[in-house]
Amino acid sequence: MRRAAAAGLFLTLIVLPFLLPNPFYVHIVVMMAVFAVLGGAWNLIGGYAGQLSLGHAAFFGTGAYVSTLLVNATGISPWITLWLGGAAALLLSLPVGAICFRLQGPYFAIATIGLGEVLRLLVLHFREVTNGAQGLTVPFKGEAPWQLQFESKFPYYYIALAMAAAVVLVTRRMERARLGHYLVAIGQNQDAAEAIGIDSVRAKGQALALSAFVTGVAGVFYAQYTYVVHPDSVFGLGMSIQIALVAIVGGVGTVLGPILGAAIMESFVQSTQIAFAGQYPGLELIVYGGLLMAVILWQPRGVIPWLARVFRRAAARRPAARGAQA
Amino acid sequence: MKGEALLQVEGLAKRFGGVQAVADLSFDVREGEILGMIGPNGSGKTTTFNLITGFFRPDRGRTRFAGSEVTGLPPHAVCARGICRTFQVAKPFRELTVLRNVLMGALLRHPDPVEAGARATEVLRAVGLEGRAHMEAGSLTTIDQRRLEVARALATEPRLVLLDETMAGLTPTEVGEAMRLVAGLRERGLTVVVVEHVMRAVMSLSDRIVVLDQGAKIAEGSPAEVASDPRVIQAYLGAEYRRA
Amino acid sequence: MDLTTIVQALISGVLMAGIYALVAIGLTLIFGVVRIVNFAQGEFVMLGMYATYWLWKLWGIDPYASLLITMPLLFCFGVLVQRFLLQPILHAPDLAQIFMTVGLSVALMNAALFSFTADFRSVKTAYAERALHAGGVTVPVTRLFAFVGALALAGLLTLFLTRTDVGKALRAVAQDREVSMLLGINPRRMYLLAVGLGTALAGAAGGLIVPFFYVFPTVGVVFGLVAFVVVILGTLGSIQGALLASLIVGVAESLGILFAGADLGLVMVFALLVAALVFKPLGLMGQA
């Protein structure tokens, strides 16, 4: 039953771009897929390990900048810099984890905010290298698949979809492996986890490294898709908050949460942008902030766990429920 | 080797600000025994556990386990060597099931979660919690939470278990059950150190007893010897006066 | 790079430290009593700045005088925030607490953007140009007043916390919630007081710097971040720690600007945080 539903969903996702009326909607689903990847990556460290990061833009921006700088300087294919950008972000995560994991919840979050801000400021400062506030552009090559550039949005969609599927699979694998269990234990009670032999620094470090790598790769993709990287957008606090929000709204520590969260968040962002049509600067972000507070007040765990509870209660009420085991 | 020193604590000392919590503490724990550790409140018993298991670093002194040095190792490494502890205030993984709690411990020696799950089920049976395997740990009764702490520690297949006030706040019947649980550990070949305030339990369970007062060891010997030691009596009575 | 320049930087750093201290004390007070980390503290400073600006712009009220209006105003705002946003999530997991105040921060920042536009605004006072000169070093009176004002407020708060019954009750709740309840203290009321005071102090900091700082919607971000560094460095919940740490941070930032460049001042502050975390993870005051 669930296999059929999953297969159906997968097929829908594959034909989706063909069903949409115009490229603008395809853009929206591309962005949803990108945020699903970002939220999924964040989830590894923020959801499962309970280390709430508000600085994932640091890894996103690192991927975007490393890739774009290399592409501009050497003409190397972005298909290669996808991995290099991810690797750069992974390397960045190593000292960050080593230093910041000793901090408790909110203080870890602050340190990560600092990380994002410091990188943003450094990029702005060293403008000979990074072109400062003007940002970098990816040299436009028209239809150039080997350079990860396409004229239609469809290929971008399928790449992003593949990345999102990969993240889902990786998260599921991790959830069932020892690392996944260990992260949950650490999230519940770090001292108790240590006492039963769990090396919390190592486990968190692994989760962060994986998270950073995927986020960096997404950053490279984003740079290629939008052709432009600006320090304020890719390294900005706003991006970090959006990334975290996707996982939180959808459901932290769940495999499907980020997917749902990305769909919700992106629909929300796009519809407010349409509604306010750029007339009132800041208005959609006020609604954003308000939404965040409302979600926290109503369902701090996110939508997926709430849905799970709703379904469980519904299933419990039906005595002849078959296959209701989630 | 039964009877030989499994754990050797030498000259441990720890100071917190103006308080010398543990002062030049030395004792051995012999393989296969149940060692009781008693003393008035604040005598440094839990701090000693924290020092042995790596939650605190000692200012001075060494800890040797099975012949090798374990001083200053982080808690997870100490556990991997074979020493596991429970906490005075139980720290279950509240939102997880009882089974999953114990599975976390089993993963240390059995990295495959499926195998670890099987081991965990066995351990639950050993402590009598198999009926509660799928209950949320946070909703257990006090005695069952204590059982869970012990089960989780057992799952790591230790050689030495440090139990911190496992019987605090239990009814007399529950104390009896807890005592059987602890005695059962020895039957499984484990060595146990028990910190307790429930005197009848400690006195009847322990092969030997170490008495601490204000961070220092003031007596050591069989329960009978310790119970009649004037310094021990003085420490407990003295503690009463000190509090007043 | 001569001695005078360095001394100038040191003095600027110390003067600014007073402001950072005020914001940080507010933050540490809120954390100490309510145990919630307020990510919107910087935005409270921003609110204080805008309030001060508008009072001056519309009715010509001097920024220092308007403290008498803005502080009570922000106190009330803090009380409302505690009552409706924080109280419900007092016992919620970390995630909820962090994102509640993050959401508030985003909402406030953009409310300012929406209401007042992104334009940089400034207040021109008669004494804005005046400065003290001594041995090649220049101290603008506005910065001096800000420093003195900040210290005065910090001093008043300390007196309040140590000499008045209400203040002691506040400290009692910070130390041990349950015991203070046994003593008949109403923790909810103390929470309202703590958040109100923390907000008022942040707003006051904003008001004090308006004479020499531009006012714009995202101005609070820097103050929020610096306040966090100060609080962590000074050990969470410790007011003395915050005072000492703010001094270190203020000077570090100033020297950083001098040696590395104006846009890297914040980077210096964070480098300091990293160093602090590596060498003294529990903060200057150790086991607080």
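All values derive from a computational prediction rather than experimental measurement.

Regarding unusual backbone geometry
Even without being a glycine, Leu148(A) presents a positive backbone phi close to 50 degrees. Tracing the backbone through its elements, the reader meets Leu148(A) in the loop between β1 (136-137) and α7 (154-176). On the basis of neighbour count, Leu148(A) is assigned to the buried category, with 24 C-beta atoms found within 10 Å. One non-glycine residue, Ala66(B), lies in positive phi territory at about 50 degrees. Considering the arrangement of structural elements, one finds Ala66(B) in the loop between β4 (60-65) and β5 (68-69).

Points about the sheet that holds β5(B)
One key point about sheets: their strands pair by backbone hydrogen bonds, in either a parallel or an antiparallel sense. Residues and elements named next belong to chain B. The four strands are arranged β2-β1-β4-β5 in an open sheet whose pairing can be described as antiparallel. Looking at strand neighbours, the two that pair on one side only are β2 (19-30) and β5, the edges of this open sheet. Sheet topology note: the strand β1 (residues 5-16)/β2 ladder contains eight bridges and is antiparallel. Residue pairing across strands places Arg15 opposite Gln20, the latter belonging to β2.

Some points on the interface of chain B and chain A
In many reports, interface size means the accessible area that the parts give up when they come together. With 22 residues of chain B at the interface, the matching set in chain A holds 16 residues. When residues of the side of chain B that touches chain A are assigned to their parent elements, the largest contribution, four residues, is made by helix α2 (residues 75-81) of chain B.

Looking at the environment of Leu103(A)
Here Leu103(A) shows up in the loop between α4 (78-100) and α5 (105-125). For Leu103(A), a count of 17 C-beta atoms within 10 Å gives the class partly exposed. Sequence separation between Leu103(A) and Phe276(A) is 173 residues, and the spatial gap between their C-alpha atoms is 40 Å. Beyond its immediate stretch of four places on either side in the chain, Leu103(A) contacts Phe108(A), Ala111(A) and Leu277(C).

Points about the interface of chain A and chain C
If you look at the interface, chain A gives 34 residues, while chain C gives 37 residues. Where the side of chain A that touches chain C is concerned, the elements lending two or more residues are α5, α12 (237-250) and α14 (283-298) of chain A. For the side of chain A that touches chain C, the element with the highest residue contribution is α5(A), accounting for 13 residues. In terms of residue class, the side of chain A that touches chain C is built from 26 nonpolar, six polar and two charged.

Some details on helix α10 (residues 200-226) of chain A
All names here are of chain A. Given a rise of 1.5 Å per residue, 27 residues ought to cover 39 Å, and the 38 Å separating the end C-alpha atoms of α10 matches this to within 8%. Within α10, 22 of the 27 residues are buried, which leaves it mostly tucked inside the rest of the structure. Trailing α10 by a residue or two, Tyr227 shows a phi angle of about 65 degrees, which is positive.

What counts as what
- Residues numbered from 1 in each chain as written.
- Chains lettered and ligands numbered in written order.
- Predicted model: local features only at pLDDT ≥ 70, side-chain atom pairs only at ≥ 80, totals over all residues.
- Helix = DSSP H or I, 4+ residues; strand = E, 2+ residues; numbered from the N terminus.
- Buried ≥ 20, exposed ≤ 12 C-beta atoms within 10 Å, placed from the backbone.
- Pairing = 2+ DSSP bridges.
- Contact = placed C-beta atoms within 7 Å.
- Nonpolar A, V, L, I, M, F, W, Y, C, P; charged D, E, K, R; others polar.
- Expected span 1.5 Å × (residues − 1).

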